[in-house]
Number of protein chains: 2
Amino acid sequence: MTYKNLDKTAAFTKLQKSSPMDVKKALTAERIQKMDIPLGGGMRYNYAAQPVNEDSINILQDLSDELQCTDKYQAVLSGEIMNPGEGRMVLHHLTRMESENPVVFEGKNQRDFYRKQQERIELFAEKIHSGQIKGSTGKKFETVIQIGIGGSDLGPRALYIALRGYAGENLRMEAKFISNVDPDDAAAVLGTTDLETSLFILVSKSGTTQETLANRDLAIQWMKKKNPELDPSKHMIAVTSATSPLAASDDFLDSFYIDDFIGGRYSSTSAVGGAVLTLAFGKEIFSEFLQGAAETDKSALESNIRENAPLMDALIGVYLRNVLGYPMTAILPYSQALMRFPAHLQQLDMESNGKGVNRNGEPLSYKTGPVIFGEPGTNGQHSFYQLLHQGTDIVPLQFIGFRKSQQDVDVTIAGSTNQTKLNANLTAQIAAFANGSENSNPNKNFNGGRPSSLLYGEKLTPGSLGALLAHYENKVMFQGFLWNINSFDQEGVQLGKILTKQILSGSSTDEALKILGAKLGI
Amino acid sequence: MTYKNLDKTAAFTKLQKSSPMDVKKALTAERIQKMDIPLGGGMRYNYAAQPVNEDSINILQDLSDELQCTDKYQAVLSGEIMNPGEGRMVLHHLTRMESENPVVFEGKNQRDFYRKQQERIELFAEKIHSGQIKGSTGKKFETVIQIGIGGSDLGPRALYIALRGYAGENLRMEAKFISNVDPDDAAAVLGTTDLETSLFILVSKSGTTQETLANRDLAIQWMKKKNPELDPSKHMIAVTSATSPLAASDDFLDSFYIDDFIGGRYSSTSAVGGAVLTLAFGKEIFSEFLQGAAETDKSALESNIRENAPLMDALIGVYLRNVLGYPMTAILPYSQALMRFPAHLQQLDMESNGKGVNRNGEPLSYKTGPVIFGEPGTNGQHSFYQLLHQGTDIVPLQFIGFRKSQQDVDVTIAGSTNQTKLNANLTAQIAAFANGSENSNPNKNFNGGRPSSLLYGEKLTPGSLGALLAHYENKVMFQGFLWNINSFDQEGVQLGKILTKQILSGSSTDEALKILGAKLGI
């Protein structure tokens, strides 16, 4: 395998010299029909409104080939050390699909290991749902409360919200989440939940996450105070690594395992998402979700970029970032159920690719991951779209839409349903951003030329949600290959942790920090 | 009053030639003590970690004086036409404070008018809380559901979440919100709420907002279907303008008024926020909130920028944007209760200042409003902070923190409470971003030099929340003066609306749009 920096490739030099497609002329019937790739789970990726044409796409294909994007993905699947900084394999794909060659580590088949944990979760969930396992005061569990932060929170929470309406009356257990070390976060959840019927999931791979342990202790103290008869150890399970201090402890009803080969932000399809989502929705829904992700994972093996949506999306993103110089990307789902999906993608993308050195630790002379933000449409239209349409920076957009709503509740007003209105707005926005509209009043003038893509499907189901998640995970991975960075470590979070410890232990000798801390009551 | 573009001022030219303060050397005890301004409501603004020194602050003072920032604010308060595009006054400050000279429009004292509406709301809320007004099936109202979008949603929702924990057991009514035209949004709320005990607030200044009317009809249909005995007109009030089609209609229990001089994103302190927050929390809490905002409004009159936090924040923001070239700002509250406050500020800032023309409609040759995004800490630390610390772009940061938590629930682990851990993290992050940390392993190296500011106070109360809100409203206003733009219109939202109508009515002849729409089921 060859690893080289983006700016050392022949294709990138060619790309810089190529002419971008004029986005104002991009939205033609022909392009809309043609620039449209299936990605699994019934979802498709349309890139007609992007500043690329056949010529630039050919160069992007060369770039992908030159940097061996799909070969590197194969290396990931085969268990090569693709997280070089930490010397680890990268195996989250194996939580949802078989690899061609089994990955064996210390005698353990990794696919079987992840699969086994999910089966254990399913059996455990059945006992919870049937009432075979009850709370310590003899009541059936009704609510599941996940305590975790970062990757143990954002993904599972976004996915739960995304499928809550889909499940409807088939919801098995309501799920809640506690993440922040701010005690007001736990108080807001614990104060409004019947703890006799609540099952906690403590999620920490290392078993040492400060926020998560602090919230566990707060929850236990709260339980004991509210009801001395409650036995916290009968209301808590752990999702952690087999070697963590939390593993196989008497403090828990049961423990389910992950390992070092699945990064937090890539862990939604492992036990980190599996436990809470299986408890909330049952095993069938979680299984369909994994199936959707597996379909997209398979589609991402295709070396022809015109048939590989995550790869095409990654390449266009690099073109927008490194040739056209756009530092941000907005994620705009036209689905209220996806309201926290942008927050998950913000972590996935920014923590993976917000890096200043290449995979060998050498400083880079080009830009890497963009800032990601977003809110659902049509809400955003009444908020920040003003800047997107008429502001002084161009922000590339990624729309997400579905033909049908999740819940079968709608009303026809003035000849159209709300769902039709929603999608008419989405269609109109893509056109408005791309085409603009000339007006002699400059305040009412729209320059257009603002690129977007559209991920779309029939309905937000477990399968299409899995496909969406895997699309972005694979996109981010491919962009890491293109930028020649390690997308699977996160050294940038360490310094803050070290300084926090120094402040809490009183070992910091920095006078300025003491004065600053005093302003915050430390 | 003199209006001129930023790049035509003497001070800006001087500013461009000045040397920025090295952020790596900025965090000294002396600067932390000195660069700290009270802003009302018990809150303070600390800008020690910003790339400014005494010299550059003197130039920023010159810039403020040259562009008459506080005079223009006085003009706002005096009822001059400060929204020139729409030919309107800008009067949201009068919802919370008297102006020196009364603003009278068509014989109506505007301060009295806004005050009167709030008094009417208070009387109405008392009747709801006491059970004097009951639902149509004779039950006491327990829940208030706001139907609105954009400014009628983001601010009131963020403020409700911010004060929910503070109110604790004194909460009068639970509040919920429906905004998106996606029917799944309404379904998620309506399907989980007892409608017999629910009071809807329909909020639309014009009375014609597509999403809001669509959601009203959906809610009415749902009510009739679930319980034919329910009379929707006895479960709904309106907040609208006196001239709107919704005003004084038999479809509502009562109507409360706003007018054209309060833009949606500035309407949280008007009846738009007043109705839902007074119903949820009672009049005292809403009154304390207004009082906090009024204190900050008064502090913003000070022409000495070293004593005017919103103005200093605005000037530093322009320095970061137009001299140092940073296109984004992250808002990072270390308070879970402020979890939706960044989303409100995203609208406030980006819709106000995401403009490409000056107040006379002339295209600008410099950048205006930045992209705003953010999530609460410590959650963000486990998510996108990787990019903020080690990514290839510098993103200026605005931290918010409080010495105490809202709810008196905490636990001491390893010698510190969770609240202390929270603030130790906040202190550590400010230092880590500013100072960085050298490491011979480039992957573990932190360049530092990343600027931030800190808004802080004792506790998140109604008063400090009002001050925070007014700080940002006034900051955004001052930046509009500095960029010479109209921060009070939003022409950028119009084109999408026009195209949506064409698509829904079938009058669009654009073949490409039809093909795109067909992919989305239209």
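What you see is a predicted model, and the numbers here were worked out from it, not measured in a lab.

A. Structural view of the relation of the copies chain A and chain B. In screw terms, the move from chain A to chain B is a rotation of 180° and a rise of 0.0 Å along the axis, fitting with an RMSD of 0.0 Å. Given the turn and translation reported, the copies of this chain are related as if by a two-fold rotation axis. In terms of C-alpha distance to the rotation axis, chain A has Phe373 of chain A as its closest residue, with the C-alpha 3.2 Å off the axis.

B. Main features of the sheet that holds strand S12 (residues 397-402) of chain A. Residue and element names in this part refer to chain A. The six strands lie next to each other as S1-S2-S15-S12-S10-S11, forming an open sheet whose pairing is mixed. Edge positions in the sheet fall to strand S1 (36-40) and strand S11 (371-373), since each of these pairs with one other strand and no more. Going from strand to strand, the sheet's axes swing by 20° on average, the running direction of each strand aside. Inspection of the sheet shows S1 paired to strand S2 (residues 43-46) by four bridges, in the antiparallel sense. Bridge pairing in S2 links Pro38 to Arg44. The sheet contacts of helix H14 (residues 418-435) involve S12 and strand S15 (452-457), and relative to S12 the element is tilted by about 155°.

C. How the structure looks around the domain arrangement of chain A. According to the domain assignment, chain A contains domain 1 (6-91 + 292-392 + 462-491), domain 2 (94-288) and domain 3 (492-522). Of note, the centres of domain 1 of chain A and domain 3 of chain A, computed from C-alpha atoms alone, are 37 Å apart.

D. Structural context of the interface of chain A and chain B. In this assembly, 121 residues from chain A lie in contact with 121 residues from chain B. In terms of residue count, the dominant contributor to the side of chain A that touches chain B is H14 of chain A (15 residues).

E. Up close: helix H6 (residues 154-167) of chain A. Residue and element names in this part refer to chain A. The end-to-end C-alpha distance of H6 is 20 Å, a good match for the 20 Å that 14 residues give at a rise of 1.5 Å each. Of all the bends in H6, the largest measures some 25° and sits at Ile161. Among the 14 residues of H6, twelve are classified as buried, and the element is accordingly described as predominantly covered. Regarding H6, the residues found buried are Leu154, Gly155, Pro156, Arg157, Ala158, Leu159, Tyr160, Ala162, Leu163, Arg164, Gly165 and Tyr166.

F. Molecular detail of helix H5 (residues 110-130) of chain B. Residue and element names in this part refer to chain B. Across its 21 residues, H5 extends 30 Å between first and last C-alpha, which sits within 8% of the 30 Å expected from 1.5 Å per residue. Of the positions making up H5, those classed as buried are Gln110, Phe113, Tyr114, Gln117, Gln118, Ile121, Phe124, Ala125 and Ile128. In a view along the axis of H5, the buried residues occupy a sector of 130°, so they form one face of it. Along H5, exposed side chains directed more than 90 degrees from the buried face belong to Glu119, Leu123 and Ser130. Here the buried face of H5 lies against strand S3 (104-105), strand S4 (108-109), strand S7 (198-203), strand S9 (255-258), helix H9 (271-281) and helix H10 (283-299). Gly131 occupies a position one or two residues after H5 and carries a positive phi of about 85°.

G. Representation of the confidence of the model for chain A in the model. Here chain A averages 97 in pLDDT, while 100% of its residues score no lower than 70. On the interface metric, ipTM, the complex scores 0.97, and its pTM is 0.98.

H. Here's a closer look at the sheet that holds strand S5 (residues 143-147) of chain A. Residue and element names in this part refer to chain A. One open sheet holds the five strands; their spatial order is S6-S5-S7-S8-S9, and the pairing between them is parallel. Of all strands in the sheet, those bounded by a partner on one side alone are strand S6 (174-178) and strand S9 (254-258). Each strand of the sheet is rotated relative to its neighbour by a mean of 20°, with strand direction disregarded. Examined bridge by bridge, S5 and strand S7 (residues 198-203) share five bridges and lie parallel to one another. Bridge pairing links Thr143 to Ser198 in S7. Contacting S5, S6, S7, strand S8 (236-241) and S9, helix H9 (residues 271-281) crosses the sheet at an angle of about 135° to S9.

I. Spotlight on the packing of helix H6 (residues 154-167) of chain B against H9 of chain B. All names here are of chain B. Taken N-terminus to C-terminus, the directions of H6 and H9 make an angle of 20°; their axes are 10 Å apart at the nearest point. When the axis of H6 is compared with that of H9, the two are roughly parallel. When you trace H6 past H9, the crossing you get is right-handed. Contacts between H6 and H9 involve Gly155, Pro156, Leu159, Tyr160, Leu163 and Ala167 from the former and Val272, Gly273, Val276, Leu277, Ala280 and Phe281 from the latter.

Rules of the game
- Residues numbered from 1 in each chain as written.
- Chains lettered and ligands numbered in written order.
- Predicted model: local features only at pLDDT ≥ 70, side-chain atom pairs only at ≥ 80, totals over all residues.
- Least-squares fit on C-alpha atoms with pLDDT ≥ 70 in both.
- Pairing = 2+ DSSP bridges.
- Helix = DSSP H or I, 4+ residues; strand = E, 2+ residues; numbered from the N terminus.
- Axes fitted to C-alpha atoms, helices over the stretch in contact; angles between N-to-C directions.
- Contact = placed C-beta atoms within 7 Å.
- Domains from an automatic or database assignment.
- Expected span 1.5 Å × (residues − 1).
- Bend = angle between axes of the 7 residues up to and from the residue.
- Buried ≥ 20, exposed ≤ 12 C-beta atoms within 10 Å, placed from the backbone.
- Arc of directions from axis to C-beta.
- pLDDT = per-residue confidence, 0-100.
- Parallel < 35°, antiparallel > 145°, perpendicular 65-115°, else oblique.
- Left-handed = near helix turned anticlockwise from the far one by under 90°.

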